[in-house]
Amino acid sequence: MNTQTPPAVVASPNRIQDILAGLSIAGLLLPEAVAYSSIAALPPQAGVIALFAGLLCYGLMGTSRFAIVSATSSSAAVLAAATASLAGDDPALRLSLAFGLVLVTGAFFLLAGLFKLGGVTSFIAKPVLRGFAFGLALTIILKQLASVVGVHLADNNLIRFLPQLLEQWPRWNWPAALVAAVALLVLWLCARIPRLPGGLLVVVLGIVAGQYLDLQTHGVALIGVIELRLELGHLPMLPFADWLRLGELAFALVMILYAESYGSISSFALKHGDRVSSNRDLLALGAANLVSGLFHGMPVGAGYSATSANEAAGAGSRLAGIIAALVVLVIVLTVLPYVALTPEPVLAAIVMYALGRGLSLQPLGRYFLWRRDRLLVICAVAAVLVLGVLDGLLLAVAVSVLLMLRQMSSADIQVLGRLGDSHDFVGRQHHADALDVPGLLIVRPSEALFFANAERILGAALRLMRRSQAETVVLSLEESPDLDGTSIEALAAFFAQVRGEGKRLVLARVRHDALEVLQALPEALPPHVLLSGLSVDGAVQLANSHA
């Protein structure tokens with residue numbers, strides 16, 4: 001994406017529309033924040049703190065005018081699975097691990113922003129991400145259903161706990177199930193009315209029904225007291241081994257949160273022709289997670305549902321998110337004790353309804369229609385359903401990284417030819433009408449050179465050179481913006497081999513950072529090796545001038 005920074009929030013041409021949008025989405029965000037706390041197995045205030053941190057930090061530092069940064073269902077589920085695997089049944093240790101994980105996640109986001117890694121838009125392949133999201137949504141919905149009806153599931157494996165859920169059918173808490181069903185119906189009806197905050201309305205109705213119908217006597221639990229105290233928390237006192245494990249989990253959580261956030265931010269930026277800065281957004285997400293962790297909140301990201309709701313409400317700038325934060329603050333300061341009276345099945349219904357909209361098979365079906373990446377989608381869904389949320393996430397990340405390495409490492413070398421009388425040079429394999437330039441062999445790697453493919457690609461270029469009668473080789477590095485140590489060593493050896501064969505080498509499209517390093521190599525001395533940032537056509541002219 002373009003890295004120019006958009007105008008400041010105060011430059012919004014329609015502040016009234018932003019205020020109305022902020023008022024509208026506040027009613028959606030607060031109930032979801034409390035509901036996601038239950039998914040993460042954290043106190044309700046953790047989600048509210050995360051909501052404040054996300055809205056304020058991104059509103060002040062972010063670049064998308066639509067993105068809403070708050071707790072997400074995916075981060076909540078990963079947080080719950082991660083802390084459960086490390087803490088077991090120790091609630092105090094579980095809280096410490098949760099807030100430590102949020103802090104490390106924020107630190108990783110900040111480091112990624114400082115090192116300008118925003119150009120690496122996503123480590124997670126879209127088919128893997130969509131399959132993971134589908135499996136995660138299905139898992140969370142079924143777990144929320146189990147929580148509503150009072151069934152304790154001892155296994156994260158969906159294939160195993162689904163039979164457990166059905167076996168305990170006679171002992172289900174039917175009053176709680178009825179409350180959740182009515183809440184789902186209300187949410188479905190509210191969705192048909194534009195800008196009606198269905199989440200807030202269903203919470204209000206749930207509180208009223210809970211008091212007048214005395215739902216607690218029928219076995220319907222309430223949220224309970226929400227102690228929202230914005231005091232700076234202490235750094236968790238954890239063993240070094242736990243911090244290392246949290247670092248591994250935070251790396252995976254950053255990848256899934258950034259993939260989710262960047263997908264939301266970039267899709268709406270493209271839709272409206274906006275300019276966003278991925279590096280600045282990384283810093284904003286890092287600050288939001290650090291602030292959330294310091295005050296014992298949850299991890300945050302730019303979820304697609306909240307962001308799309310903000311756009312649909314008519315937001316025109318990041319002011320809408322800040323207004324939503326102020327509205328939530330007013331609600332918290334005035335009616336927070338009443339929010340504690342919300343029936344738990346109502347929150348479960350909010351989660352199930354929000355995630356149910358993401359269970360469409362259409363995004364997954366496209367990969368089967370295109371006959372591309374079908375196996376990846378199936379594996380991603382199966383990983384979550386069979387292995388659980390945490391292991392499914394780690395597998396999804398591993399598969400995506402392996403795919404990236406496989407694609408880059410399997411790159412080949414292309415022989416280029418001139419297209420007619422033009423200045424364009426294209427691959428001769430796909431353009432039979434491309435013509436050789438007499439006395440020259442022109443080659444280009446199809447992917448960037450890096451440690452896994454540099455020696456193999458340059459070896460292939462050397463074999464082409466030996467089979468060719470050309471006296472000069474033109475090597476285009478336009479796909480390689482920079483070079484790692486392995487690639488530099490491979491190029492140095494390639495330069496020496498070209499000189500040993502009595503040939504001349506001209507490098508084209510060498511970027512500035514790589515050019516400085518290559519110029520310092522003793523093997524890169526003219527006249528046998530000429531380095532340039534010229535186009536392929538310019539490098540061809542340079543080669544002919546030195547013939």
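Small disclaimer: the values here were computed from a predicted structure and weren't measured.

Undergrad: I'd love a proper account of the overall build of the protein, names of residues and values included.
TA: Looking only at helices and strands, one finds 20 helices and nine strands in the protein. Seen through its principal axes, the protein has C-alpha atoms that stretch 95 × 55 × 50 Å. Taking all 547 residues of the protein together, 51% fall into the buried category. Once local pairs closer than 6 in sequence are excluded, the contacts in the protein between residues at least 24 apart make up 80%. If you sum the accessible surface of the protein, you get close to 25100 Å²; carbon and sulfur atoms cover 62% of it. On the protein, the mean spot of the 35 positive side-chain charges and the mean spot of the 36 negative ones are 6 Å from each other.

Undergrad: Could you give an account of the UniProt feature "domain: STAS" (unreviewed entry) in the protein, naming the residues involved and the relevant values?
TA: Taking the numbering used here, the UniProt-annotated feature "domain: STAS" (unreviewed entry) corresponds to residues 430–521. Spanning residues 430–521, this segment combines 41% helix with 20% strand, and its end C-alpha atoms are found 35 Å apart.

Undergrad: Lay out the pairing of strand 6 (residues 440–445) with the relevant residues and their values.
TA: Buried residues dominate strand 6, accounting for six of its six residues. What you see with strand 6 is no split at all: L440, I442 and R444 on one side and L441, V443 and P445 on the other are buried throughout. Bridge count between strand 3 (residues 413–419) and strand 6: three bridges; the pairing is antiparallel. Looking at strand 6, one finds that I413 is bridged to P445. When strand 6 meets strand 7 (residues 472–476), the two strands line up parallel, connected through four bridges. Looking at the pairing, L440 lines up with T472 of strand 7. Taken together, strand 6, helix 17 (residues 454–467) and strand 7 form a β-α-β motif whose crossover is right-handed.

Undergrad: With reference to specific residues and values, describe the nonpolar core.
TA: In this structure, L29, Y36, L101, V202 and M298 are the most contacted members of the largest nonpolar core, which totals 124 residues. The biggest single contributor to this core is helix 9 (residues 240–272), with 15 residues. One finds V443, L462, A514 and A524 within the second-largest nonpolar core, a separate group that totals 33 residues.

Undergrad: For helix 8 (residues 198–212), give the residues involved together with the corresponding values.
TA: The periodicity of an α-helix, 3.6 residues per turn, causes residues three or four positions apart to be oriented the same way. The end-to-end C-alpha distance of helix 8 is 21 Å, a good match for the 21 Å that 15 residues give at a rise of 1.5 Å each. Each element contacted by the buried residues of helix 8 is listed here: helix 1 (15–39), helix 7 (174–190), helix 12 (319–339) and helix 13 (344–356). Taken from the residues just after helix 8, D214 is the one with a positive phi, measuring 50°.

Undergrad: How would you explain the packing of aromatic side chains if you had to name every residue and give the values?
TA: Tallied over the entire structure, the rule returns eight aromatic pairs. A centroid spacing of 5.6 Å and a plane angle of 85° characterise the contact between Y367 and W370, whose relative ring orientation is edge-to-face. With Y367 and W370 both in helix 14 (residues 362–370) and three residues apart, the pair spans about one turn of that helix. By way of ring pairs, the aromatic residues F66, F268 and Y304 are connected into one cluster.

Undergrad: Tell me what's going on with the side chain of S480, and back it up with residues and numbers.
TA: One can find S480 in the loop between strand 7 and helix 18 (485–500). You can call S480 buried: its relative accessible area is 2%. Within the local environment of S480, its side chain forms a polar contact with the backbone nitrogen of L449, the two atoms lying 2.9 Å apart. For S480, the residues in contact, after removing those within four places along its chain, are E447, A448, L449 and R511.

Undergrad: Lay out a nonpolar patch on the surface with the relevant residues and their values.
TA: On the surface, I16, I19, L20 and L23 cluster together to form a nonpolar patch covering roughly 370 Å² of accessible area. Here L23 is to be found in helix 1.

Undergrad: So what's going on with the confidence of the model for the protein? Residues and values would help.
TA: It should be kept in mind that the predicted coordinates are not to be read in detail where pLDDT is low. On average, the protein scores 85 in pLDDT, and the residues at 70 or more come to 93%. This stretch, residues 1–12, has a pLDDT under 50; its non-local contacts, to residues over four places away or in other chains, come to 26 contacts.

Undergrad: Lay out the pairing of strand 8 (residues 504–508) with the relevant residues and their values.
TA: Counting buried residues in strand 8 gives four out of five residues, a clear majority hidden from the surface. Where strand 7 meets strand 8, five bridges bridge the pair, whose relative direction is parallel. Considered in strand 8, the bridge of L475 is made with L507. Between the parallel pair strand 7 and strand 8, the chain is carried across by helix 18, and the sense of this crossover is right-handed. Across three bridges, strand 8 lies against strand 9 (residues 529–531) in parallel orientation. Opposite V506, over in strand 9, you have L530 as the bridge partner. Between the parallel elements strand 8 and strand 9, the chain passes through helix 19 (residues 512–519) in a crossover that is right-handed.

Undergrad: Pulling in residues and values, what's your account of the pattern of salt bridges?
TA: For side chains of opposite charge, pairing can occur when their charged atoms come near one another. Tallied over the full model, the rule gives seven salt bridges. D537 is paired through a salt bridge with R418; the nearest N and O atoms lie 3.2 Å apart. Of this pair, D537 sits in helix 20 (residues 536–545) while R418 sits in strand 3, placing them 119 residues apart in sequence. What makes D537 buried here is its relative accessible area of 10%.

Analysis parameters
Residues numbered from 1 in each chain as written. Predicted model: local features only at pLDDT ≥ 70, side-chain atom pairs only at ≥ 80, totals over all residues. Heavy atoms only, no water. Helix = DSSP H or I, 4+ residues; strand = E, 2+ residues; numbered from the N terminus. Buried < 20%, exposed > 50% of the residue type's maximum accessible area, 1.4 Å probe, protein only. Contact = heavy atoms within 4.5 Å. Areas by Shrake-Rupley, 256 points an atom, 1.4 Å probe, with all protein chains shown as cover. Lys, Arg positive; Asp, Glu negative; His and termini not counted. Charge placed at Lys NZ, Arg CZ, Asp CG, Glu CD. UniProt positions renumbered as here; feature names shortened; annotations may be inferred. Pairing = 2+ DSSP bridges. Right-handed = clockwise from strand over helix to strand, strands pointing away. Core = buried A, V, L, I, M, F, W, Y, C linked by side-chain atoms within 4.5 Å. Expected span 1.5 Å × (residues − 1). Phe/Tyr/Trp six-rings, centres within 6.5 Å; stacked < 30°, edge-to-face > 60°. Polar contact = N/O pair within 3.5 Å; in protein donor to acceptor, adjacent residues only side chain to side chain. Patch = residues over 30% accessible without salt bridge, like charges linked within 9 Å, V, L, I, M, F, W, Y side chains within 5 Å. Salt bridge = Lys/Arg side-chain N within 4 Å of Asp/Glu carboxyl O. pLDDT = per-residue confidence, 0-100.

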